[in-house]
Amino acid sequence: MLNLVLFGAPGSGKGTQSKKLIDKYQLIHLSTGDLLRSEIAQGTELGLEAKKLMDDGKLVPDAVVNGMISNKLDANKGAKGFIFDGFPRTTAQAEALDQLLASKNESISVMVKLVVDDEELMHRLLLRGKESGRPDDANPEVIKKRLVEYHSKTEIVGEFYKDQNKLQSVNGIGEVDDVFNAIVGVLDSLR
Ligand code: B4P
């Protein structure tokens, strides 16, 4: 199985690259952001709680996202592998994911970190906010909060995988296809 953690700050291109990677490697895409937005669209209790936090640029509680991922792993038995997009975002989530996969005799193959500076991230997210109307992308103050959350709680997750010799960094600035080819280079070197 190929189990990829696609990692990076908000707007670093995780969702963009995931779409291309699932086509090439036939992996199941698990985006906690997409799963949460689907709960919001359905108006579930979980969605209503998550919306308040997301609109304010904050992370959703670990137990909520861990539960969603566990359900999705169970629902996709026999998959060739998974792309974890936007998950794990805290060390507690990374530990929970390791335990979940170990219980299925699986593990993370690699974490690919998309490296993009904050100025470029702000520019991309404001642009997406104008085009998509996503509430968390519309307001520069909320984007700033998301970047603070990333630097204070999420960036350290890279160390968790570095300690396992699984962290690979890729330049996330440049043409989408060039970033994609760099990720493919990392994944193909694992085979
Ligand atoms: P996510 O949905 O994960 O979204 P994201 O981090 O904002 O975006 P992503 O990195 O996928 O960017 P994209 O490719 O779309 O999270 C949203 C919120 O959900 C979080 O703030 C949090 O509240 C909550 N949440 C999600 N997971 C959680 C978890 N595990 N724990 C707790 N809370 C959680 O790219 C962005 C833009 O850049 C696009 O417009 C794209 O076109 C553009 N772009 C991409 N690549 C480019 C390139 N190479 N050059 C120029 N532009 C590029």
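Residues numbered from 1 in each chain as written. Predicted model: local features only at pLDDT ≥ 70, side-chain atom pairs only at ≥ 80, totals over all residues. Heavy atoms only, no water.

**Let's talk about helix H6 (residues 118–132)**
Over its 15 residues, H6 extends 20 Å from the first C-alpha to the last, a length consistent with the 21 Å expected when each residue adds 1.5 Å. Among all positions in H6, only Leu121, Met122, Leu125 and Gly129 are buried. Here the buried residues of H6 occupy an arc of 100° about the axis, which is enough to place them on one side. Facing away from the buried side of H6 by over 90 degrees, the exposed positions are Glu119, Lys130 and Glu131. (Helix = DSSP H or I, 4+ residues; strand = E, 2+ residues; numbered from the N terminus. Expected span 1.5 Å × (residues − 1). Buried < 20%, exposed > 50% of the residue type's maximum accessible area, 1.4 Å probe, protein only. Arc of directions from axis to C-beta.)

**Observations regarding the packing of aromatic side chains**
The final tally for this structure, using the stated rule, is 3 aromatic pairs. Ring centres of Phe7 and Tyr150 lie 6.1 Å apart, and the angle between their planes is 45°; on these two criteria the pair is classed as tilted. Of this pair, Phe7 sits in strand S1 (residues 2–8) while Tyr150 sits in helix H8 (residues 140–154); the two residues are 143 residues apart in sequence, bridging distant segments of the chain. The pair formed by Phe7 and Tyr150 is uniform in burial state, with each residue classed as buried. Judged by centre distance (5.2 Å) and plane angle (75°), the rings of Phe160 and Tyr161 are edge-to-face. Tyr161 matches Phe160 in its accessibility class, with the two residues each being buried. The ring of Phe180 is capped by Lys20, whose NZ or CZ atom sits 4.9 Å from the centre of that ring. Here Lys24 stacks its cationic end above the ring of Tyr25, 5.6 Å away from the centre of that ring. (Phe/Tyr/Trp six-rings, centres within 6.5 Å; stacked < 30°, edge-to-face > 60°. Lys NZ or Arg CZ within 6 Å of the ring centre and 35° of its normal.)

**Observations concerning the pairing of S1**
Most of S1 is tucked away: 7 of the 7 residues are buried. Side-chain alternation along S1 places Leu2, Leu4, Leu6 and Gly8 on one buried face and Asn3, Val5 and Phe7 on a second face that is also buried. Note: S1 against strand S4 (residues 110–115), 5 bridges, orientation parallel. Residue pairing across strands places Gly8 opposite Leu114, the latter belonging to S4. (Pairing = 2+ DSSP bridges.)

**Let's talk about the sheet that holds strand S5 (residues 167–171)**
Across a sheet, strands are paired by hydrogen bonds formed along the backbone, either parallel or antiparallel in direction. Read from one edge to the other, the open sheet built from 5 strands follows the order S2-S3-S1-S4-S5, with strand pairing classed as parallel. Of all strands in the sheet, those with a lone pairing partner are strand S2 (28–31) and S5, marking the two edges. With direction set aside, neighbouring strand axes in the sheet form an average angle of 20°. Most of the contacts of helix H2 (residues 32–42) go to S2, to which it runs at about 70°, and overall it touches S2 and strand S3 (81–85). (Axes fitted to C-alpha atoms, helices over the stretch in contact; angles between N-to-C directions. Contact = heavy atoms within 4.5 Å.)

**Thoughts on the site of the ligand**
Near the ligand you find 29 residues, and of these Thr32, Arg37, Lys58, Arg128 and Arg146 are the closest. Contact between the ligand and Arg37: an oxygen atom at 2.8 Å from a side-chain N or O atom of the residue. Between the ligand and Arg128, the relevant distance is 2.4 Å, taken from an oxygen atom to a side-chain nitrogen or oxygen of the residue. Relative to its unbound accessible surface of 1000 Å², the ligand loses 87% to contact with the protein. The greatest single-element share of the shell around the ligand, amounting to 4 residues, is contributed by H2. Of the residues in the shell around the ligand, the class split is 9 nonpolar, 11 polar and 9 charged. (Near = heavy atom within 4 Å. Polar contact = N/O pair within 3.5 Å; in protein donor to acceptor, adjacent residues only side chain to side chain. Areas by Shrake-Rupley, 256 points an atom, 1.4 Å probe, with all protein chains shown as cover. Nonpolar A, V, L, I, M, F, W, Y, C, P; charged D, E, K, R; others polar.)

**So, the packing of helix H4 (residues 62–75) against helix H5 (residues 91–102)**
Contact geometry of H4 with H5 gives a least axis separation of 10 Å together with a crossing angle of 25°. What the angle tells us is that H4 and H5 run roughly parallel. Between H4 and H5 lies a crossing whose hand is right-handed. Along the contact surface, H4 presents Asp62, Val65, Asn66, Ile69, Ser70 and Leu73, while H5 presents Ala92, Gln93, Ala96, Leu97, Leu100 and Leu101. The residue makeup of the contact of H4 with H5, split by class, is 8 nonpolar, 3 polar and 1 charged. (Parallel < 35°, antiparallel > 145°, perpendicular 65-115°, else oblique. Left-handed = near helix turned anticlockwise from the far one by under 90°.)

**Focus: the side chain of Lys166**
Position of Lys166 relative to the elements: it lies in the loop between helix H9 (157–162) and S5. Despite its burial, Lys166 pairs with no opposite charge, the nearest such side chain being Asp98 at 5.6 Å. One polar contact links the side chain of Lys166 to the main-chain carbonyl oxygen of Ile108, over a distance of 2.9 Å. Here Lys166 is in contact with Ser107, Ile108, Ser109, Val110, Met111 and Tyr161, once residues within four sequence places are set aside. (Lys, Arg positive; Asp, Glu negative; His and termini not counted. Salt bridge = Lys/Arg side-chain N within 4 Å of Asp/Glu carboxyl O.)

Everything listed here is a matter of geometry and, on its own, says nothing about what the molecule does.
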